[in-house]
Amino acid sequence: MWSVLLMYEKEFIGGHIFDGSIANLKFAYDALTRTNNEFVKTPIENGEILISEEPFSSEKYFLRVNEIKYGGNAAWALEMAREHNYFEKNRDLSDEHENPDEPFRAQREEQRFNIAECEILGVSRENGFFSARTPISVFSRVRKLVPQDFDGPLQKTMGDLKIGHLRSGSQVLSLEAGIFKKALSTHTFITARTGGGKSNTMKVLNGVMLETKGEVSPLIFEPHGEYIQDLKRHPLQKERLVIYNQDGRDGDNKIKIAYKRVTVDSLMNIRKQMRWTEPQERFMTEAQAVLRDNWFQVLVETPYDEEEYFIMNGKPFEDDDMGDLQDFVSHLGKGTGSKPKLLRDIFRGGAHIDTIKATKSKLQRLARATFLVADEKQDDMEFIIGHLLNGKGVLVDMASLSGLQELFLSSLLTSEVLERQKALYKKDRKGFEEGKYPTIAIVLEECQRVLGKGEDTEGNVFRSVVNEGRKFLLGLIAITQQAKLMDPVVLSQMNTHIILGISDETDFDLLKGRVQKSIKNLEMDINQLMPGEAIISSPTSPFALPIKIFEYNQYIENLKRKIPSTTTSSNFSLFT
Ligand SMILES: Nc1ncnc2c1ncn2[C@@H]1O[C@H](COP(=O)(O)OP(=O)(O)OP(=O)(O)O)[C@@H](O)[C@H]1O
Ligand SMILES: [Mg+2]
């Protein structure tokens, strides 16, 4: 009791509630505070969280300062200011006054006070944290926040993936906060202006997900090559994160995806970039129906006619020339006695020659991607899915790929993960509900490219993840610089928002209408955030939670101290 009292006295800042409403409480405090007989400005700042304890119950009100005004009589203050102007210009008091430049600047601390306007973030009671339905009693005291204020039920709302420290204005508290593992399957949105700290946030979050030792498996699409080196310094990387790249350098795996994984559906994710025409789409669907798994390889590798055969093989076409592809298409010839080996023959009477040729040339362009291989024995998909189901993270470095290839590869992988999770759910629904399987979190940078406003919605796998992922424990972590470029529907399906500094008014207004916990009074605050300072809003956060994200290097240093170098085994040994 004594120590609590002591803390209270120390933190007490002398404010008292005097006016306002539930929506906008006002308290008055001395603008100057005397410490060691010297006056200093009372350290209360905009955005700061303060506590007011109700004298007539055990309730604690959490307040956030939204505005600070000068107190006192405005007319009197105006006259004072004018007097200062006058004397500085017109009167020479050098002979009469010991401090001739400041004859009227006596401290007069009792006359200097400020009025802070606050919103009530909520009321902490013994059994939980609630929104305020009554104002706090007038003249209640207002004091600084201390970490102990979060003891009890509020502590449980701070998340189990801690990515930063709680912040009160620009002051960083010692209390850690973050998001919930469970919330990952209802999607996370990270946004900031350039340099606001998105990548640092994502690196920390990736690191923290690896720390769950199998409860969360991140599938990280790495477009700029900025995470890899940092994640390699993570003490659990070797144990918990498998890295794929495009050329097998640095001892990492070269990613290989078999032609067979390419489906017409997967190509619809790059519809805009490939400019598929309707006849081309129809033709591909027909080809897939006829040639099944082999459709992509057959279209890419089979000459259309004799002329193309000559160009591709450097020799004239002979009818008895049995290529490898013959095996794929031989079943088509059953009963007719002829075995087609030219596309023209397979699709006789079907699509127009121009359609076939144009489609083929587009597919050939795709087939040149370094990650595609004809040989299905080399395919990595099973390993990748296996790692994820086994609670391991997978990072795919795509820095050397073109935008189109990058999108194609990420769609191929995401489609497969979604399909597998769906199938697994069908087989073992109970297992999903009982927490037998890890949550898979797909990390997507520059997400507006695939989830942008006016993007084709049909067949877009990332949209399917956003729509259906929750049930299958599959969530998206979407990162973008500009919320306004995002599809508003997608934005509203994101349940957790991590908002770092943003300056764009349109971005703010959009987010304001979409977030789970109100940020409507935070426009200036969010505008002023320094790199790494953020607001977290999720259904489970008690209010829009101000935090300072860990700086990644610092996070790693602390983690190395916490985690002994010996590796520990997974909680999820079920697939090993
Ligand atoms: N939590 C943090 N603590 C301390 N410094 C930080 C933090 N987050 C970011 N910074 C600083 O801000 C810089 C920019 O951060 P970061 O690269 O994460 O921003 P970004 O939003 O990804 O930028 P871009 O839009 O250019 O990709 C970092 O190099 C670092 O110096
Ligand atoms: Mg970045």
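Residues numbered from 1 in each chain as written. Chains lettered and ligands numbered in written order. Predicted model: local features only at pLDDT ≥ 70, side-chain atom pairs only at ≥ 80, totals over all residues. Heavy atoms only, no water.

Under the annotation held in an unreviewed UniProt entry, the chain carries the name DUF87 domain-containing protein and is attributed to Priestia megaterium.

(A) Representation of the site of ligand 1 within the structure. Taken together, 15 residues sit near ligand 1, with G195, K198, S199, N200 and I549 positioned nearest. In the environment of ligand 1, an oxygen atom lies 3.3 Å from a nitrogen or oxygen atom belonging to the backbone of G196. In this structure, Q481 approaches ligand 1 through a side-chain N or O atom, which is 3.2 Å from an oxygen atom. For ligand 1, whose free accessible area comes to 630 Å², the fraction covered by protein is 63%. Listing elements by their share of the shell around ligand 1, those giving two or more residues are α3 (198-211) and β23 (545-549). Within the shell around ligand 1, the residues separate by chemical class into three nonpolar, eight polar and four charged. (Near = heavy atom within 4 Å. Polar contact = N/O pair within 3.5 Å; in protein donor to acceptor, adjacent residues only side chain to side chain. Areas by Shrake-Rupley, 256 points an atom, 1.4 Å probe, with all protein chains shown as cover. Helix = DSSP H or I, 4+ residues; strand = E, 2+ residues; numbered from the N terminus. Nonpolar A, V, L, I, M, F, W, Y, C, P; charged D, E, K, R; others polar.)

(B) Up close: unusual backbone geometry. A positive phi angle is found at F139, which is not glycine, with a value near 70°. Of note in the backbone geometry, R292 takes a positive phi value of approximately 50° without being a glycine. Positionally, R292 belongs in the loop between α8 (278-291) and α9 (295-301).

(C) Highlighting the packing of aromatic side chains. Under the criterion given, the structure shown has 15 aromatic pairs. Taking the centre distance of 4.9 Å and the plane angle of 75° together, the rings of F283 and F347 count as edge-to-face. With F283 in helix α8 and F347 in the loop between α12 (343-346) and α13 (353-367), the pair connects residues that are 64 residues apart, well separated along the chain. Both residues of the pair, F283 and F347, belong to the buried class. Ring geometry for Y425 against F472: centres 5.3 Å apart, planes inclined by 80°, an arrangement best described as edge-to-face. Pair noted here: Y425 is in helix α15 (residues 403-427) and F472 is in the loop between α18 (461-468) and β20 (474-480), with a separation of 47 residues, a long-range link. Taken individually, Y425 and F472 each receive the classification buried, so the pair is uniform in this respect. An aromatic cluster of at least three residues, connected via ring pairs, comprises F62, F129, F150 and F543. (Phe/Tyr/Trp six-rings, centres within 6.5 Å; stacked < 30°, edge-to-face > 60°. Buried < 20%, exposed > 50% of the residue type's maximum accessible area, 1.4 Å probe, protein only.)

(D) Spotlight on the nonpolar core. Membership of the largest hydrophobic core comes to 88 residues, with the highest contact counts inside it found for L267, W295, F296, L363, F371, L476 and I519. The element contributing the most residues to this core is α15, with 10 residues. Two domains each put at least three residues into this core: domain 2 (176-255 + 380-564) and domain 3 (261-367). With residues near it in sequence (within four places) discarded, L267 still touches V262, W276, M284, W295, L363, L366 and F408. If you look at the next biggest cluster of nonpolar residues, it comprises 50 residues, including F62, L231, L395 and I479. (Core = buried A, V, L, I, M, F, W, Y, C linked by side-chain atoms within 4.5 Å. Domains from an automatic or database assignment. Contact = heavy atoms within 4.5 Å.)

(E) Region of interest: the sheet that holds strand β14 (residues 241-245). Ordered in space as β11-β10-β23-β22-β21-β12-β20-β19-β13-β18-β14-β15, the 12 strands form an open sheet in which the pairing is mixed. In this open sheet, the two strands that pair with only one neighbour each are β11 (171-179) and β15 (253-254). Where α18 meets the sheet, its contacts fall on β13 (216-222), β19 (439-444) and β20, and the angle it forms with β20 comes to roughly 120°. (Pairing = 2+ DSSP bridges. Axes fitted to C-alpha atoms, helices over the stretch in contact; angles between N-to-C directions.)

(F) The arrangement of the pattern of salt bridges in detail. For the structure shown, the criterion picks out 37 salt bridges. In this structure, E79 engages R82 in a salt bridge whose closest nitrogen and oxygen atoms are separated by 3.6 Å. One end of the pair is E79 and the other is R82, both in helix α2 (residues 74-90) and three residues apart, which spans about a single turn. The shortest N-O distance in the salt bridge between E416 and R420 comes to 3.1 Å. Highlighted residues: E416 and R420, both in helix α15, separated by four residues, approximately one helical turn. Residue classification places E416 among the buried positions, given a relative accessible area of 17%. Linked by salt bridges that have partners in common, R261, D379, E382, E416 and R420 make up one network. (Salt bridge = Lys/Arg side-chain N within 4 Å of Asp/Glu carboxyl O.)

(G) Spatial organisation of α13. Taking 1.5 Å per residue, 15 residues should reach 21 Å; α13 reaches 21 Å between its end C-alpha atoms and fits that length. Those residues of α13 that sit buried are T355, I356, T359, K360, K362, L363, L366 and A367. With its buried residues spanning 165° around the axis, α13 presents them on a single face. (Expected span 1.5 Å × (residues − 1). Arc of directions from axis to C-beta.)

(H) Highlighting the pairing of β23. Within β23, four of the five residues are buried, which leaves the element mostly enclosed by the surrounding structure. As defined by bridge partners, strand β22 (residues 533-537) adjoins β23 across four bridges and the pair is classed as antiparallel. Looking at the pairing, A534 lines up with I547 of β23.

(I) The arrangement of a nonpolar patch on the surface in detail. A cluster of nonpolar residues, F18, V138 and F139, forms a patch on the protein surface that exposes about 300 Å² of accessible area. Looking at the secondary structure, you find V138 in the loop between β8 (128-130) and β9 (141-144). Among the residues examined, V138 registers a relative accessible area of 47% and is labelled partly exposed. (Patch = residues over 30% accessible without salt bridge, like charges linked within 9 Å, V, L, I, M, F, W, Y side chains within 5 Å.)

(J) Here's a closer look at the confidence of the model for the chain. When the pLDDT values of the chain are averaged, the result is 87; 89% of them are 70 or greater. In this model, residues 1-9 is a region of pLDDT below 50 whose contacts with residues beyond four sequence positions or in other chains number five contacts. A low-confidence stretch, residues 566-576 (pLDDT under 50), is modelled with 23 contacts involving residues beyond four sequence positions or located in other chains. (pLDDT = per-residue confidence, 0-100.)

(K) Seen up close, the packing of helix α14 (residues 381-389) against α15. As a packed pair, α14 and α15 sit with axes 11 Å apart at the nearest point and diverge in direction by 55°. Here α14 is positioned oblique relative to α15, judged by the angle of their axes. Crossing of α14 against α15: the hand is right-handed. Contact residues: α14 offers M381, E382, I384, I385, L388 and L389, while α15 offers L412, L413, E416, V417, R420, Q421 and L424. In terms of residue class, the contact of α14 with α15 is built from nine nonpolar, one polar and three charged. (Parallel < 35°, antiparallel > 145°, perpendicular 65-115°, else oblique. Left-handed = near helix turned anticlockwise from the far one by under 90°.)

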